[in-house]
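Coordinate analysis (summary)
The residues making up each chain are set out below.
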Amino acid sequence: MINYLKESTFAVKDVVMQAWKVTRDNYFSIATLCFLVFITASTSTLMAFFLEELHVGIRAVMLLIFILCYCIIELCLIKYILRLLDNTENEEIQIVDTLPTRKEVIKFLVGTLYFGLSIFFIVILLMPVLFIIDWVIKFLYHQDLISNLKAVGDVIVNVAVGIAILSVFIIFIRIIFYPFFIIDKQSPPFESIKLSLATTKGNFVKLLMIFAGLVAVQAVVFAFFYAVIRMGFELINWIFDYNINQYISLIVVVFSSFVIVPFTTAFFAVAYRKIMSEYKGDEHPDIIHNIV
């Protein structure tokens, strides 16, 4: 187990360093897509703020349009980074050539729908357990074995929410690579989810450490970025006596668009390539034997 954790630690380091190298060496090209992410996020935020009084149907259509735009940009970023990782001959890669096809976008949206259905399925599985716990608690209360029913109920709700969040997180880790299979292998949506389950089977601890490494790196970078920007704001406030703290949200959007999105995509693209290089399973795995 100790050796496995050591290997996982080195894997995290390798993934971080390679993702950083790809992002750093090609950042100006990636920044073009990042700018589109920023425009999409900013526009959707402004539209939500200024168009609150519009009909709910119009807002729903606009929301779908923004989601579609974001999906196209993210899929383009995935395809571009995968091509950068595979580009051993230093050929020039045009961003236009990495635009996702209509078929790939539809597959991604269907796969996302499957992801939502899997979360709903987990919630359905948890509901009988909660009903049983609720019945037991009420029985104990009527037997005067519990005095404060509300406090116990609050604890149960918190535990249930925690279990639900943990379940969603585990599902997210297990099927996180399905967009990469859609882009890289042209797999159908459900087949992509099955391949993601198969490739992540037995690698959950490694993926967990890789994800923890990603969060740690981004937390440190964001803390430094926020501290520098905050000091700049304080200096401007002191010199010009102008409160610009209202633009903090803009800074978060800029940081997310130009740092978190590209590095996270590169991070998981590198992890995908490493895990696929070690995968020795079936090309068409079944879902039952790969869930656990």
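Residues numbered from 1 in each chain as written. Predicted model: local features only at pLDDT ≥ 70, side-chain atom pairs only at ≥ 80, totals over all residues. Heavy atoms only, no water.

Here we come to the overall build of the protein chain. Across its full length, the protein chain holds 9 helices and 0 strands. Beginning at the N terminus, the succession of helices and strands in the protein chain can be written as α-α-α-α-α-α-α-α-α. The burial tally for the protein chain puts 34% of its 292 residues in the buried class. Here the contacts in the protein chain between residues at least 6 apart in sequence split such that 75% fall between residues at least 24 apart. Looking at the protein chain as shown, the accessible area adds up to about 18200 Å², and 71% of this sits on carbon and sulfur atoms. (Helix = DSSP H or I, 4+ residues; strand = E, 2+ residues; numbered from the N terminus. Buried < 20%, exposed > 50% of the residue type's maximum accessible area, 1.4 Å probe, protein only. Contact = heavy atoms within 4.5 Å. Areas by Shrake-Rupley, 256 points an atom, 1.4 Å probe, with all protein chains shown as cover.)

Moving on, we get to the packing of aromatic side chains. Summed over all chains, the structure comprises 8 aromatic pairs. Centroid distance Phe-108 to Tyr-178: 5.9 Å. Interplanar angle 15°. Geometry classified as stacked. Of this pair, Phe-108 sits in helix H4 (residues 102–142) while Tyr-178 sits in helix H6 (residues 178–184); the two residues are 70 residues apart in sequence, bridging distant segments of the chain. Comparing Phe-108 with Tyr-178 shows no difference in burial state: the two are buried. Through a chain of ring-to-ring contacts, the aromatic side chains of Phe-177, Phe-180, Phe-181 and Tyr-272 assemble into a single cluster. (Phe/Tyr/Trp six-rings, centres within 6.5 Å; stacked < 30°, edge-to-face > 60°.)

We now examine the side chain of Thr-265. Tracing the backbone shows Thr-265 in helix H9 (residues 248–278). For Thr-265, the side chain forms a polar contact with the side chain of Glu-74, separated by 2.9 Å. (Polar contact = N/O pair within 3.5 Å; in protein donor to acceptor, adjacent residues only side chain to side chain.)

What follows concerns the side chain of Lys-79. Mapped onto the elements, Lys-79 comes out in helix H3 (residues 56–86). By relative accessible area, which is 9% here, Lys-79 ends up buried. Within the structure, Lys-79 has its side chain in polar contact with the backbone oxygen of Leu-99 (distance 3.4 Å). Setting aside its immediate chain neighbours within four residues, Lys-79 contacts Asp-97, Thr-98, Leu-99, Pro-100, Glu-104 and Ile-183.

A few words on helix H7 (residues 189–200). Compared with the 16 Å implied by 1.5 Å per residue over 12 residues, the 17 Å span of H7 between its first and last C-alpha is a close match. In terms of burial, H7 is a largely internal element, 11 of the 12 residues being buried. Within H7 the residues assigned to the buried category are Pro-189, Glu-191, Ser-192, Ile-193, Lys-194, Leu-195, Ser-196, Leu-197, Ala-198, Thr-199 and Thr-200. Of the residues flanking the end of H7, it is Gly-202, one or two places downstream, whose phi is positive at about 85°. (Expected span 1.5 Å × (residues − 1).)

Attention shifts here to a nonpolar patch on the surface. On the surface, a nonpolar cluster with roughly 500 Å² of combined accessible area is contributed by Leu-63, Leu-64, Ile-67, Leu-68, Ile-72 and Leu-109. Top element by residues in the nonpolar patch is H3. It accounts for 5 residues. On the secondary structure map, Leu-63 appears in helix H3. By relative accessible area, which is 51% here, Leu-63 ends up exposed. (Patch = residues over 30% accessible without salt bridge, like charges linked within 9 Å, V, L, I, M, F, W, Y side chains within 5 Å. Salt bridge = Lys/Arg side-chain N within 4 Å of Asp/Glu carboxyl O.)

Moving on, we get to the environment of Ala-271. When you line up the elements, Ala-271 lands in helix H9. Judged by its relative accessible area of 1%, Ala-271 is buried. Put simply, Ala-271 and Gln-18 are 253 residues apart on the chain and 9.5 Å apart in space, counted from C-alpha to C-alpha. Excluding residues within four positions of it along the chain, Ala-271 makes contact with Val-15 and Phe-177.

Next up on the list: unusual backbone geometry. At Gln-186, a position not held by glycine, the phi torsion is positive, near 60°. Mapping Gln-186 onto the fold places it in the loop between H6 and H7. Owing to a relative accessible area of 40%, Gln-186 belongs among the partly exposed residues under this scheme.

The subject of this paragraph is the confidence of the model for the protein chain. Considering every residue of the protein chain, the mean pLDDT works out to 76; 79% of them sit at 70 or more. Across the protein chain, the element-wise mean pLDDT spans from 68 in helix H1 (residues 2–25) up to 89 in H6. Long-range and interchain partners of residues 1–10, a stretch whose pLDDT sits below 50, account for 9 contacts in this model, where long-range means more than four residues apart. (pLDDT = per-residue confidence, 0-100.)

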